[in-house]
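Single-letter residue listing:
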Amino acid sequence: MQLRRLCAMPADSSIERRIAELRAMLDYHNHRYYTLDDPEITDTTYDTLMRELSALEAAYPALKTTDSPTERVGGAVAETFSPVTHLLPMLSLNNAFSPQDFEEFDQRVRSKLGTETVIYSAETKLDGLAISLVYEHGELVRAATRGDGERGEDVTSNVRTIGSIPRVIRQRLPPALMEVRGEIYIDHAGFKRLNAAQRVRQEKAFANPRNAAAGSLRQLDSNVTASRPLTIFCYGVGACEGLLLPDSHFECLQLLGAMGFRISPESRRLSGVSEVLAYHVGMLERRAGLGYDIDGVVFKVDSRSAQEILGQVAKAPRWAIAYKFPPEEKMTRVVAIDVQVGRTGALTPVARLEPVFVGGVTVTNATLHNADELHRKDVRVGDTVWVRRAGDVIPEIVSVVLEARGSEAVPFVMPCTVPGQAQSQLIQSLVHFASRRAMDIDGLGDRLIENFVQSGLIKSPADLYKLEEAQIAEQERLGQKSAANLVKAIRESRRTTLARFLYALGIREVGEATARQLASYFGNLDALLVASPEELERVPDIGPAVAGSIHAFFANPAKRTEIDALLKAEITWPEVQIQRAAALPLAGWTVVLTGSLATMTREDASEKLRGLGAKTTGSVSAKTKLVIVGDEPGNKAERAVTLGIPRLDEVGLQGLLAAPTDPAQFVIDHQL
Ligand code: IVH
């Protein structure tokens with residue numbers, strides 16, 4: 001309990017448990033992503049988990065540990081390759097998504113350097129794997145993956161098989177030590193050849209060039225690596241001894257080129273924001289024709305001495321930024337429109353597409369969300385459409401190419417019902433009920449559920465708990481042993497958590513996060529069952545629509561009967577510690593942020609403040625309790641002065657986030 005006492009704010013055991021759970025999940029997904037090259041969740045889901053953990057650790061600093069996933073950039077060191085500590089940490093990059101983001105970055109650089117115009121080295125942002133190549137007296141002695149940025153994996157023997165990476169630097173007097181950094185990747189032509197070869201050998205094709213490159217570099221047998229079309233673009237120098245490098249990063253790249261390293265022909269030296277923005281637009285136009293994947297452009301302050309002055313924050317330099325591209329769009333044809341029944345009974349139109357490779361995967365379906373969306377976009381069977389896949393999200397149809405529409409194309413009429421709808425809905429709701437994040441019934445797959453429903457054995461989730469071994473074994477292809485295992489899994493699923501149970505019920509608009517909020521706000525099911533919409537709206541992040549949906553669900557007699565039946569089946573959960581927003585240190589505080597912050601984005605700061613119970617808004621009013629003033633603040637800062645509202649600078653904000661126990665006193669002590 002030592003931990004508890006040290007805590008700036010008392011953390012109850014449910015918070016400790018959640019932190020442990022998040023860390024375990026993130027470690028697991030890091031392993032899948034970095035070590036196995038086989039991610040199970042989308043980047044967005046990963047980021048959500050990471051943000052939740054960061055927010056909890058910010059709110060309860062005493063629960064922070066040095067081995068928390070928030071302390072690492074990601075990635076564990078595989079057991080099969082030896083770990084390597086990098087000579088200098090391998091940093092990551094902050095992102096910009098709009099001209100404004102870049103302008104803000106440029107502004108910060110200019111004010112820190114005290115210069116009018118900044119010279120940038122502009123480069124493509126390759127989508128491959130970062131590598132560190134260490135040369136001693138001109139000889140490649142070690143190659144390592146980035147790993148967590150501090151430590152990576154020794155892949156020297158594999159890297160030695162890559163033709164475009166020099167094994168020796170051909171120079172009369174090579175430096176005593178030089179670390180070259182770059183991105184290993186596979187180009188489109190190589191990727192096509194590789195996948196064709198995989199198919200001939202009846203092996204699994206790679207989803208995209210990045211996965212193929214990662215899988216190829218991390219082969220235990222370097223002969224396999226040698227057969228893969230890996231190549232490199234080098235983008236910088238890390239540690240260096242015995243050689244005076246030019247002050248210009250761009251010139252360093254040229255020097256690397258002269259030494260025999262492969263450097264991108266797209267790099268340019270640019271001056272100021274307008275040239276940078278033009279380069280970004282230009283590369284975006286040329287992207288499709290490059291022959292390899294890039295996901296944006298990188299701008300680095302060209303002068304290395306200026307880079308040193310700017311330094312770094314956390315794991316990213318203040319002198320560089322990745323300006324990402326919007327998601328890729330491709331054209332394809334709609335071959336059919338199907339209507340699917342969801343677990344809540346909602347009908348979702350889905351476009352079946354001619355397969356198209358977009359955003360790194362082959363897309364064959366795109367959701368049209370609902371009837372409104374379908375009619376708004378007026379997608380018809382036979383239409384040529386633009387398809388987009390952003391990051392790892394579900395592919396979507398952006399628009400119809402009307403010029404390409406044939407005269408025979410007729411508007412799609414969305415049916416009000418579909419044949420077998422009730423049964424489909426039941427199947428979907430059972431699939432959801434049994435899923436890993438809900439009741440987690442191991443071995444109860446979609447097919448089996450379909451069989452159970454179609455044979456009339458199961459009419460509601462509670463029926464699952466009445467299943468007997470013999471009944472299960474009767475189902476096709478299921479042996480006695482599997483049947484026994486399934487009965488056991490069903491029985492074990494009864495011990496769950498309130499949050500999981502709520503999520504499993506499949507209430508419209510209630511995902512895992514909302515289910516958790518409900519569980520920790522109400523603490524028990526009885527209180528939730530009788531909660532009014534107004535009470536529900538008091539739960540963090542629940543608005544009128546979600547509150548209405550939850551209230552309607554519990555007011556429905558059929559749903560109540562279903563819940564009673566489940567409780568009779570002895571579904572139980574441990575008591576939940578009630579955690580109301582009022583217990584958080586900044587509850588009741590309305591905070592406004594203005595200007596840019598150097599150590600975090602405004603969104604991050606808002607999220608941290610909200611995690612502590614504060615409400616963040618965009619405009620200063622008499623209700624505002626505190627204004628955080630960053631660099632180049634807007635007139636909100638002046639308005640705060642006029643209204644006599646306390647202001648804190650970034651250092652003050654950090655202090656408040658680190659120790660929010662007595663916020664009022666803190667603000668008095670630290671206000672501007
Ligand atoms: S510079 C200190 N330059 O992007 C800067 N990185 O998000 C660190 N990348 O791990 C890297 N192209 O794998 C740099 N021209 C480029 C790059 C590049 C791709 C990757 C690299 C890095 C990641 C950072």
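What comes next is a walk through the structure. Once a new chain begins, its residue numbering starts again from 1 and follows that chain's sequence as written. Local features are withheld for residues below a pLDDT of 70 in this predicted model, meaning they are given only at 70 or higher, and side-chain atom pairs are given and counted only at 80 or more; totals for whole chains, interfaces and linings count all residues. With hydrogens and water stripped out, all remaining heavy atoms of the structure feed into the side-chain values.

## Here's the deal with the nonpolar core
Move 1: Counting residues in hydrophobic clusters, the biggest one holds 54 residues, and the most contacted among them are I441, Y465, L502, L518, I550 and F554.
Move 2: Starting at the N terminus, helices and strands are each numbered in turn, a helix being any DSSP run of H or I of at least four residues and a strand any DSSP run of E of at least two. Looking at this core element by element, the count peaks at 6 residues for helix 18 (residues 498–504).
Move 3: Any two residues having at least one pair of non-hydrogen atoms within 4.5 Å are treated as being in contact. Setting aside anything within four residues of it in sequence, one finds L502 in contact with I507, A515, L518, A519, L525, L528 and F554.
Move 4: Take the buried residues of types Ala, Val, Leu, Ile, Met, Phe, Trp, Tyr and Cys, join any two whose side-chain atoms come within 4.5 Å, and each joined set is a nonpolar core. Categorising residues by exposure relies on relative accessible area from a 1.4 Å probe, with only protein chains included: less than 20% of the type maximum marks a residue as buried, more than 50% marks it as exposed, and the intermediate range marks it as partly exposed. Membership of the second largest hydrophobic core comes to 33 residues, among which are I15, I19, Y46 and A614.

## Focus on the sheet that holds strand 8 (residues 230–241)
Move 1: Paired strands, as defined in this entry, are two strands with at least two bridges between them according to DSSP. If you trace the 4 strands from one edge of the open sheet to the other, you get 5-4-7-8, paired in antiparallel fashion. The open sheet has two edge strands with one neighbour each: strand 5 (139–145) and strand 8. Between one strand and the next, the sheet's axes are offset by a mean angle of 25 degrees, whatever the strand orientation.
Move 2: Bridge count between strand 4 (residues 129–136) and strand 5: 6 bridges; the pairing is antiparallel. Bridging from a neighbouring strand, E136 pairs with E139 of strand 5.
Move 3: Where helix 7 (residues 209–217) meets the sheet, it contacts strand 4, strand 5, strand 7 (177–186) and strand 8, and its direction lies at approximately 130 degrees from that of strand 7.
Move 4: Only the contacting stretch of a helix is used when fitting its axis, a line to C-alpha atoms as for every element, and angles between N-to-C directions run 0 to 180 degrees. In the packing of helix 9 (residues 249–258) onto the sheet, contacts are made with strand 7 and strand 8, and the angle to strand 8 comes to roughly 115 degrees.

## Comments concerning the packing of aromatic side chains
Move 1: Centres within 6.5 Å are what make two rings of Phe, Tyr or Trp a pair, Trp counting through its six-membered ring; a difference in plane orientation under 30 degrees is then read as stacked, over 60 as edge-to-face, and the rest as tilted. Taken as a whole, this structure holds 14 aromatic pairs when the rule is applied.
Move 2: Here Y135 and F261 contribute two aromatic rings whose centre-to-centre distance is 5.3 Å and whose plane-to-plane angle is 85 degrees, an arrangement assigned as edge-to-face. Of this pair, Y135 sits in strand 4 while F261 sits in the loop between helix 9 and strand 9 (268–271); the two residues are 126 residues apart in sequence, bridging distant segments of the chain.
Move 3: In this structure Y135 comes out as buried when scored by relative accessible area, which is 1%.
Move 4: When the centroid spacing of 6.4 Å and the interplanar angle of 80 degrees are considered together, the rings of F433 and Y465 count as edge-to-face. Taken together, the positions of F433 in helix 13 (residues 421–434) and Y465 in the loop between helix 15 (461–464) and helix 16 (469–474) put the pair 32 residues apart, joining distant regions of the chain.

## Structural notes on the sheet that holds strand 9
Move 1: Spatially, the 5 strands line up as an open sheet ordered 2-13-10-3-9, and their pairing is mixed. A strand with exactly one partner marks an edge of an open sheet, and here the two such strands are strand 2 (94–96) and strand 9. Recorded for the sheet is a direction-independent mean angle of 35 degrees between the axes of neighbouring strands.
Move 2: Pairing analysis gives 5 bridges linking strand 10 (residues 294–301) to strand 13 (residues 320–324), with the strands arranged antiparallel. Counterpart to K300 in the pairing with strand 13 is A320.
Move 3: Helix 4 (residues 99–113) contacts strand 2, strand 3 (119–126), strand 10 and strand 13 of the sheet and is inclined by roughly 175 degrees relative to strand 13.
Move 4: Relative to the sheet, helix 9 contacts strand 3, strand 9 and strand 10, its axis offset from that of strand 3 by approximately 50 degrees.

## Re the pattern of salt bridges
Move 1: When a carboxyl oxygen of Asp or Glu lies within 4 Å of a side-chain nitrogen of Lys or Arg, that pair is called a salt bridge. Per the stated rule, a full pass over the model turns up 27 salt bridges.
Move 2: Notably, a salt bridge pairs E52 with R18, separated by 2.7 Å at the nearest N-O pair. With E52 in helix 3 (residues 43–59) and R18 in helix 2 (residues 13–35), this residue pair connects regions lying 34 residues apart in the sequence.
Move 3: On the basis of relative accessible area, E52 is assigned to the partly exposed category, the value being 24%.
Move 4: Between E123 and K300 there is a salt bridge, with its nearest N and O atoms 2.8 Å apart. Pair noted here: E123 is in strand 3 and K300 is in strand 10, with a separation of 177 residues, a long-range link. In this pair, the class of E123 matches that of K300, namely buried.
Move 5: Among the charged side chains, a salt-bridge network with shared partners connects R18, E21, E52 and R516.

## Considering the pairing of strand 16 (residues 361–367)
Move 1: Pairing geometry for strand 15 (residues 347–358) and strand 16, over 6 bridges, is antiparallel. Paired with R352 across the strands is N365, a residue of strand 16.
Move 2: Between strand 15 and strand 16, which pair antiparallel one after the other, the connecting turn spans 2 residues, and G359 there sits at a positive phi close to 60 degrees.

## Topic: the site of the ligand
Move 1: Around the ligand there are 15 residues in total, and E123, T124, L126, E183 and K300 lie nearest to it.
Move 2: Polar contact is defined as a pair of N or O atoms within 3.5 Å, subject to the rule that within protein one atom must be able to donate a hydrogen and the other to accept it, and that residues adjacent in sequence are counted only when both atoms are side-chain atoms. Between a nitrogen atom of the ligand and a main-chain N or O atom of T124, the distance comes to 3.2 Å.
Move 3: The method behind every accessible area is Shrake-Rupley, applied with a 1.4 Å probe, and residues are considered shielded solely by the protein chains displayed. In isolation the ligand has 520 Å² of accessible area, and contact with the protein removes 88% of it.
Move 4: For the shell around the ligand, the element with the highest residue contribution is strand 3, accounting for 4 residues.
Move 5: The residue makeup of the shell around the ligand, split by class, is 8 nonpolar, 2 polar and 5 charged. Residues are counted as near a molecule or strand when any one of their heavy atoms sits within 4 Å of it. Under this grouping Gly is polar, as are all residues other than the nonpolar Ala, Val, Leu, Ile, Met, Phe, Trp, Tyr, Cys and Pro and the charged Asp, Glu, Lys and Arg.

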